[in-house]
Amino acid sequence: MLNNLQATTTLHNGVKMPWFGLGVYKAQDGDEVIQAVKIAIKNGYRSIDTAALYNNEEGVGQAVSEAMEETGLSREDLFITSKVWNADQGYESTLAAFELTMTKLGLEKLDLYLVHWPVNGKYKDTWRALEQLYKDGRVHAIGVSNFHVHHLQDLMKDAEIKPMVNQVEYHPRLAQLELSTFCKEQDIQLEAWAPLMQGKLLDNATLQEIASKHGKSIAQVILRWDLQNGVVTIPKSTTEHRIIENADVFNFELSAEDMEQINGLNENLRNGPDPDNFNF
Ligand SMILES: NC(=O)c1ccc[n+]([C@@H]2O[C@H](COP(=O)([O-])OP(=O)(O)OC[C@H]3O[C@@H](n4cnc5c(N)ncnc54)[C@H](OP(=O)(O)O)[C@@H]3O)[C@@H](O)[C@H]2O)c1
């Protein structure tokens, strides 16, 4: 039941992943990220999404440790995601990158480890490393990020373990219809990055009309649309009132008509790079 901030989806290996989490891309390591993560956890968030690239795994780790001490939550109550960066892809280099991530986070086990981007010629070796980490019990679930349908099909040709999650850019302007259908068929959980289109949708008139009707903000309407579409969402904020506002989406429901209107905003428009054409 999608009725509270701790509600979870069950991944295809049985692991429970919160539907809602905090993203920390561009949150500065040190005080900024530590405060954001602690505020989030104290306000009921259980899932934090970081990556080696974000350079803030140490702050995330410190915040998690302090928040557990201050709230009495245990490690099992929290769901921490990180990602292997492109420069580290390959079998051995991914295993080494994982150890560095774990040292920075100060954790023994990770909840979810993702291949950050589908680096051509590398992602299959990277995936073998993730499979090994999973079999060794170091990570409870493994997945990918920024994979198109053809990347997933190619990966699964040789994979022993099917990815449990695919984290992609997803918002009302980029509804990822084909990918969404494919992931549902394959039981791969879709997860939205840049759910708020990094702030670019927050003055949209259609969304404003729906928001006013429900007495909610545009951000809340978008995040609720993610959840009602069966997509895990991880909006980023380092601002206390927005961290709280974003998660306050479990006490209203968008009607079928609202959902249709929001679906109508889709333009297959990316804010970030296309996974078929990136150079980093
Ligand atoms: N896998 C990937 O390749 C990938 C790529 C990008 C992002 N991600 C993950 O996805 C997370 C979310 O994506 P994102 O950070 O790119 O973009 P986002 O969550 O769509 O937008 C974040 C921006 O919106 C602002 N904001 C947040 N809540 C707001 C609200 N209620 N009202 C007005 N403004 C609000 C934030 O500002 P303040 O912080 O100032 O509040 C920030 O500038 C990231 O943090 C990261 O964890 C993954």
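About the thresholds
- Residues numbered from 1 in each chain as written.
- Predicted model: local features only at pLDDT ≥ 70, side-chain atom pairs only at ≥ 80, totals over all residues.
- Heavy atoms only, no water.
- UniProt positions renumbered as here; feature names shortened; annotations may be inferred.
- Buried < 20%, exposed > 50% of the residue type's maximum accessible area, 1.4 Å probe, protein only.
- Helix = DSSP H or I, 4+ residues; strand = E, 2+ residues; numbered from the N terminus.
- Pairing = 2+ DSSP bridges.
- Right-handed = clockwise from strand over helix to strand, strands pointing away.
- Salt bridge = Lys/Arg side-chain N within 4 Å of Asp/Glu carboxyl O.

The protein goes by Aldo/keto reductase in an unreviewed UniProt entry, where it is assigned to Paenibacillus macquariensis. Under the UniProt heading Sequence similarities (unreviewed entry), the note attached to the protein is "Belongs to the aldo/keto reductase family."

> What exactly am I supposed to notice about the pairing of strand β5 (residues 79-84) here?
Along a regular strand, successive side chains alternate from one face of the sheet to the other. Among the 6 residues of β5, 6 are classified as buried, and the element is accordingly described as predominantly covered. Burial along β5 is two-sided: Phe79, Thr81 and Lys83 facing one way and Ile80, Ser82 and Val84 facing the other are all buried. Here strand β4 (residues 47-49) runs beside β5; their pairing, made up of 3 bridges, is parallel. Residue pairing across strands places Ser47 opposite Phe79, the latter belonging to β5. This β-α-β element, β4 to helix α2 (residues 57-71) to β5, shows right-handed connectivity. Where β5 lies against strand β6 (residues 110-115), 4 bridges are found, and the strand directions are parallel. Across the sheet, residue Ser82 finds its bridge partner in β6, namely Tyr113. Between the parallel elements β5 and β6, the chain passes through helix α3 (residues 91-105) in a crossover that is right-handed.

> Quick question: what am I supposed to make of the pattern of salt bridges here?
A side chain with one charge can pair with a side chain of the opposite charge if their charged atoms come near. Taken as a whole and assessed by the stated rule, the structure comprises 14 salt bridges. Glu99 is the partner of Arg138 in a salt bridge, and the nearest nitrogen-oxygen pair spans 2.8 Å. One end of the pair, Arg138, is in the loop between α4 (123-135) and β7 (139-145); the other, Glu99, is in helix α3, and 39 residues separate them in sequence. Judged by its relative accessible area of 22%, Arg138 falls in the partly exposed class. Among the ionic pairs, Asp248 bridges to Lys216, the shortest N-O distance being 3.4 Å. Taken together, the positions of Asp248 in the loop between α9 (240-247) and α10 (256-263) and Lys216 in the loop between α7 (205-214) and α8 (218-228) put the pair 32 residues apart, joining distant regions of the chain. The structure contains a network of salt bridges with shared partners spanning Lys38, Lys42, Glu66 and Glu70.

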